Structures are given as C-alpha cells and as structure tokens.
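# Observations on the three-dimensional arrangement
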Amino acid sequence: MQVEQRASRPAINSRLENYRNLAPAARLALMADAVGLDAADRALLADPAALAVDRANGMIENVIGTFQLPMGIATNFRINGRDYLIPMVVEEPSVVAAASYMARLARANGDGFDGVGFQTSSTAPIMRAQVQVLGITDPFGARLRILAARDRIVAAANARDAKLVSLGGGCRDIEVHVFSTSAAGPMVVMHLLVDVRDAMGANTVNTMAEAVAPLVEEASGGRVRLRILSNLADLRLSRAQVTVAPEVLTTREVAGADMIAGILEAHELAVIDPYRAATHNKGIMNGIDPVVVATGNDWRAIEAGAHAYAARSGRYTSLTTWEMNGAGHLVGTLEMPMALGLVGGATKTHPMAQAALKILGVETAQELAEITVAVGLAQNMAALRALATEGIQRGHMALHARNIAIVAGATGDEIEAVAKTLAAAHDVRVDRARELLDALRKRG
Ligand SMILES: CC(C)(COP(=O)([O-])OP(=O)([O-])OC[C@H]1O[C@@H](n2cnc3c(N)ncnc32)[C@H](O)[C@@H]1OP(=O)([O-])[O-])[C@@H](O)C(=O)NCCC(=O)NCCSC(=O)C[C@@](C)(O)CC(=O)[O-]
Ligand SMILES: NC(=O)C1=CN([C@@H]2O[C@H](COP(=O)(O)OP(=O)(O)OC[C@H]3O[C@@H](n4cnc5c(N)ncnc54)[C@H](OP(=O)(O)O)[C@@H]3O)[C@@H](O)[C@H]2O)C=CC1
C-alpha cells in the first residue's frame with residue numbers, strides 16, 4: 001500500500017539552491033519559510049537549550065543535563081511525487097551531503113529537476129508480541145488449543161486498549177510457533193499481531209501480551225514466562241525504490257554506464273559476504289538513524305529490526321538490491337522493518353522531535369516510515385557510488401576535515417580555512433592541521 005497523499009497539504013520545493021553555503025541561521029529561516037513553520041517553532045529550533053533539563057529529567061533516570069547533536073536538513077528529496085525537507089540528527093560528516101546529493105540525482109530528468117524521485121510503499125503497521133509457554137509435554141496439542149482460543153485472546157488484548165481500537169487499530173490475529181529445546185524442553189510461543197496505527201507500539205503490545213498471558217496458560221495448560229514485543233517487525237515493512245538513468249550518473253571522470261557496472265559489482269559483494277554486508281548495511285543506517293533520532297524514535301529498535309531482517313534467510317546479507325533494467329537504468333530497492341511512531345516514546349516529550357515532524361509535514365507513522373526508508377536507500381546509493389569509483393575518502397574526508405580542524409584547536413573562521421587546505425592536499429590529519437593553524441595564527 002502506498003500512503004495516500006493528502007491534497008490539503010501545501011506542496012513544498014525541497015530543491016534549495018546554494019543551501020550548503022548559507023550560515024545556520026539563514027538555513028533555518030529558508031527551511032522554515034519553505035515548510036511554513038511558525039515563529040514558536042523557528043525559535044525552538046534556534047534554541048541550543050530546546051530540551052530543558054526539567055523536561056529531560058522526566059524522560060530518563062538520574063539526569064544531570066542534556067547532550068546535543070547537530071541537526072541538518074537533507075534537501076532535494078522527492079518521494080511519491082511530493083517534495084520533503086528531511087531533518088537528520090547525526091554526528092558523522094558527509095551523511096547529510098550524501099543523502100542530499102543522491103536525492104538530487106534521483107529527481108533529475110536530463111538536465112532538469114522534475115523527475116520522479118523515490119517511490120515508496122508499506123504494509124499496515126502490524127507489530128508482534130511474543131508470549132512464551134513452557135511446562136508442556138504436548139506442544140503441538142497446546143498449539144491447537146491456543147489457536148482454538150484465538151477469538152477470546154484477541155478480544156482480551158483489545159480490551160486493554162480501547163483507544164487504539166477506536167483509532168482503527170488493535171489486535172488482529174495470533175500465530176503459534178513450536179520449538180524443541182534441550183535446555184528448557186518443549187516450548188510454544190504465541191504471537192499477538194497488533195495494528196498499532198501511529199505508535200511505535202512497544203508499550204502497547206507489551207501491555208496486551210501481559211494481559212492475555214493467563215488466558216494463554218489456561219488454554220495451553222502450560223506456564224507463561226516471557227511476554228514482550230519482537231523487534232523483528234517483519235509484518236511492518238516499508239519499501240523504497242529508485243531508478244536512475246546512466247546520463248544522470250555520468251561525471252567528468254566516469255561514464256554513467258561504467259558507474260552502474262561498478263555499483264552492481266560493489267553490491268554483489270554485500271550480497272555474498274557478511275563482512276561486507278555489515279558495512280553496506282551500516283551505510284544504509286547512516287541515512288535511517290538520523291531521521292529516527294530527529295523524530296524522537298527508538299533507534300535501537302530500528303537497528304535490531306534491520307539487522308535481524310538482513311539475516312532472515314539464515315545468512316546475513318545486503319538489505320538493498322541494485323540491478324540494471326532493460327533500458328540500462330540503475331534500479332535500487334530497499335525493504336525493511338520500520339517501526340516508527342508519531343505518538344508515544346519521546347516523540348511527544350522531546351520538543352525538537354515535534355519540530356522535526358512539522359518540518360517533514362507527515363500525517364501518519366507509515367508516511368514517516370516510508371520517507372525514512374527512502375533516505376536509507378539514498379545513503380546506500382551515495383556510498384556505493386563513491387566506493388565504486390573514486391573511493392570514500394575524497395568526499396567524506398573533505399567534510400571530515402572540519403572536525404579535524406576543530407580537534408586541532410581551530411575556532412571561528414579558522415575552521416574553514418584549515419579544513420580547506422587539509423582537504424585540497426588530501427592530507428586530513430590532526431598534526432598537519434595543527435601546523436596549518438600555527439602558520440595561520442602567525443600570519444595574523
Ligand atoms: C560527500 C559527497 C556528497 C561530495 O560529493 P561532491 O561530488 O564533492 O559534491 P558536489 O560538490 O558536486 O555537490 C553535489 C551535491 O551534493 C550535496 N553536497 C555536497 N557537498 C555538500 C555540503 N558540504 N553540504 C551540503 N550538501 C552538499 C549537494 O546536494 C550538492 O548539490 P547542490 O544541491 O549543491 O546542487 C560525495 O562524495 C558522497 O556522496 N560521498 C559518500 C559519502 C558517504 O557515504 N558518507 C557516509 C560516511 S562513510 C560510512 O560511514 C559508510 C560506508 C561508506 O562505509 C558505507 C559503505 O561502505 O557502504
Ligand atoms: N524492545 C523494544 O523495542 C521496547 C521499546 N520500548 C519503548 O516503547 C516506547 C514506544 O511504545 P509505544 O507503545 O509506541 O508508546 P506509548 O505507549 O507511549 O504510546 C502508544 C499509545 O498511544 C495512544 N495513541 C494515541 N494516538 C494514537 C495513534 N494515532 N496511534 C496509535 N496509538 C495512539 C494509544 O493508546 P492510549 O492513549 O490509550 O495510551 C497507544 O497505546 C518507546 O519509548 C520504546 O523505546 C519499550 C519496551 C521494549
């Protein structure tokens with residue numbers, strides 16, 4: 001299912017020319033104008049103490065303060081015909097630039113910028129909760145007894161969350177899995193399948209799993225131990241696809257067709273070799289985690305789901321596919337679990353997360369999940385494109401040079417001056433940065 005586009009939302013233009021060369025305040029103003037943020041949200045995004053300690057103290061335990069990370073805006077994204085500006089919270093240089101670049105290529109159409117961009121779709125937001133049953137001698141018999149009690153179990157689960165049911169969600173079904181273990185004997189594991197609508201859903205399904213446990217014990221004749229969601233959210237999948245013509249990929253050094261051949265060869269290693277797949281998938285998560293963090297969602301849950309899904313065949317492999325279609329165009333796809341919420345967790349308590357959701361202008365958790373997967377696909381394309389041609393260091397280290405200049409002690413305008421010289425010489429080292437800084441200061 002592709003998330004329905006609401007006609008009521010005004011269209012925006014995510015192609016912000018020269019955005020990278022503006023100062024942070026000017027970037028904030030341009031983005032806020034583009035998406036129509038009000039004065040309060042503009043002030044919040046400009047406030048380095050947007051998350052007050054009092055608020056933070058209500059979020060976790062033993063709070064002593066807050067910890068800040070940079071928020072950048074990925075430009076150029078067009079997804080299902082709609083433009084999005086995408087807030088990304090991340091500490092790693094070149095991630096926002098790479099996503100913006102690939103989004104620019106994805107929407108390119110010849111020399112213009114009216115191409116289709118990314119196409120996405122998703123399943124309904126169904127989460128699984130597991131109820132582990134032990135102390136049974138006839139696990140297959142117990143399985144059928146639990147299945148016979150399905151309607152009572154589903155009703156008991158739904159009785160725990162009338163609000164979710166009123167919103168069109170709720171427990172839809174159960175599954176029962178049988179295991180034989182040497183350490184704990186026969187084991188039956190019932191799954192509650194719950195449509196959690198716009199929540200990430202962990203607390204929602206955990207509450208239901210605990211509520212139905214006595215009924216499961218009664219039906220199975222066993223005893224229940226664990227009652228907890230599964231982060232392998234394989235019924236809550238989001239998908240993104242991109243198709244890029246070779247001429248769009250052509251650079252001064254590399255013809256587009258050669259670039260595609262290189263990307264396909266690079267991808268193949270991630271398909272066959274877990275050592276490469278881990279790094280390849282880390283590159284995908286470079287795009288996904290910053291959106292997850294910016295929107296106050298649980299990035300550990302997303303990481304766990306991603307890597308478990310990548311190993312679902314029993315062999316850890318690439319989350320993306322890259323192919324060439326009949327017209328010689330590069331076609332990339334990404335399908336993965338994406339348990340993101342617009343309510344619950346820190347999405348409502350962290351003020352910056354609320355602002356990030358306004359920047360995105362999303363109306364459902366499914367829409368947010370689809371956008372996030374599109375950013376992951378873009379990020380993977382950027383890494384493969386660089387790795388298959390010039391290598392990762394030229395583009396990445398040029399941007400990392402600013403970090404190195406800061407480590408060497410540069411401040412203000414010195415940062416850009418030192419970083420530029422480091423990057424131009426392809427020699428991005430702290431000791432070299434110190435030498436350059438000393439020379440710069442001596443010159444006055
Ligand atoms: C870094 C680039 C984009 C430079 O690439 P470039 O060719 O130097 O870029 P450009 O100056 O020609 O600009 C092209 C577009 O890139 C964007 N862009 C370019 N620079 C900026 C900037 N400063 N600030 C904001 N946006 C920037 C921007 O959209 C710009 O278009 P415009 O909108 O200006 O017309 C390119 O080399 C690249 O994509 N490299 C890959 C970087 C990457 O993957 N980084 C992730 C970190 S490495 C890692 O952790 C993962 C990895 C690699 O191991 C995964 C794996 O192995 O698969
Ligand atoms: N393994 C894991 O990943 C685990 C993660 N967690 C944590 O759980 C949190 C997420 O749990 P989650 O259940 O999403 O959070 P919440 O329980 O905070 O929010 C979900 C609740 O919000 C209410 N709600 C209001 N509007 C909607 C809507 N449109 N769609 C759906 N629900 C709506 C619902 O009912 P009502 O109003 O009646 O509450 C629902 O039960 C995260 O902080 C995560 O870190 C916790 C345990 C384990």
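Residues numbered from 1 in each chain as written. Chains lettered and ligands numbered in written order. Predicted model: local features only at pLDDT ≥ 70, side-chain atom pairs only at ≥ 80, totals over all residues. Heavy atoms only, no water.

An unreviewed UniProt entry annotates the chain as 3-hydroxy-3-methylglutaryl coenzyme A reductase originating from Tistrella arctica. In its Pathway (unreviewed entry) section, the UniProt entry covering the chain states "Metabolic intermediate metabolism; (R)-mevalonate degradation; (S)-3-hydroxy-3-methylglutaryl-CoA from (R)-mevalonate: step 1/1." Check the Sequence similarities (unreviewed entry) section of the UniProt entry for the chain; it says "Belongs to the HMG-CoA reductase family." (UniProt positions renumbered as here; feature names shortened; annotations may be inferred.)

### Examining helix H5 (residues 139-148)
If you check which residues of H5 are buried, you get Pro 139, Ala 142 and Ile 146. Buried residues in H5, looked at end-on, bunch into an arc of 55°, giving them a common side. Turned more than 90 degrees away from the buried face of H5 sit Phe 140, Leu 144 and Ala 148, all of them exposed. Taken together, the buried residues of H5 touch helix H6 (150-159), strand E5 (170-181), strand E6 (185-195) and helix H8 (202-220). (Buried < 20%, exposed > 50% of the residue type's maximum accessible area, 1.4 Å probe, protein only. Helix = DSSP H or I, 4+ residues; strand = E, 2+ residues; numbered from the N terminus. Arc of directions from axis to C-beta. Contact = heavy atoms within 4.5 Å.)

### A closer look at the site of ligand 2
Surrounding ligand 2, one finds 21 residues, the nearest of these being Asp 161, Gly 201, Thr 204, Asn 231 and Asp 298. Contact between ligand 2 and Asp 298: an oxygen atom at 2.6 Å from a side-chain N or O atom of the residue. Burial of ligand 2 by the protein chains amounts to 69% of its free accessible area of 940 Å². Going through the elements one at a time, helix H7 (162-166) and H8 are the ones with two or more residues in the shell around ligand 2. With 4 residues, H8 is the single largest residue contributor to the shell around ligand 2. Each residue belonging to the shell around ligand 2 can be placed in one class, and the counts come to 9 nonpolar, 7 polar and 5 charged. (Near = heavy atom within 4 Å. Polar contact = N/O pair within 3.5 Å; in protein donor to acceptor, adjacent residues only side chain to side chain. Areas by Shrake-Rupley, 256 points an atom, 1.4 Å probe, with all protein chains shown as cover. Nonpolar A, V, L, I, M, F, W, Y, C, P; charged D, E, K, R; others polar.)

### Some points on the sheet that holds E6
Spatially, 4 strands are ordered E5-E6-E4-E7 in an open sheet, and the strand pairing comes out antiparallel. Each edge of the open sheet carries a strand with a single partner, namely E5 and strand E7 (223-229). Neighbour to neighbour, the strand axes of the sheet diverge by 20° on average, direction disregarded. One ladder, built from 11 bridges, connects E5 with E6; its direction is antiparallel. (Pairing = 2+ DSSP bridges. Axes fitted to C-alpha atoms, helices over the stretch in contact; angles between N-to-C directions.)

### Digging into unusual backbone geometry
We note that Asn 18 has phi near 65°; this positive angle belongs to a residue other than glycine. On the secondary structure map, Asn 18 appears in the segment before helix H1 (24-35). Relative accessible area serves as the criterion here: at 47%, Asn 18 is assigned to the partly exposed category. Positive phi is not limited to glycine here, since Asn 62 has a value of about 50°. The residue Asn 62 is located in the loop between helix H3 (53-57) and strand E1 (71-79) in this model.

### Let's talk about the site of ligand 1
Lining the immediate surroundings of ligand 1 are 24 residues, of which Arg 20, Ser 94, Arg 104, Arg 276 and Lys 282 lie closest. Within the side chain of Ser 94, one N or O atom sits 2.7 Å away from a nitrogen atom of ligand 1. Within the complex, 80% of the 1100 Å² of free accessible area of ligand 1 lies under protein. Of the residues assigned to the shell around ligand 1, the class counts are 8 nonpolar, 9 polar and 7 charged.

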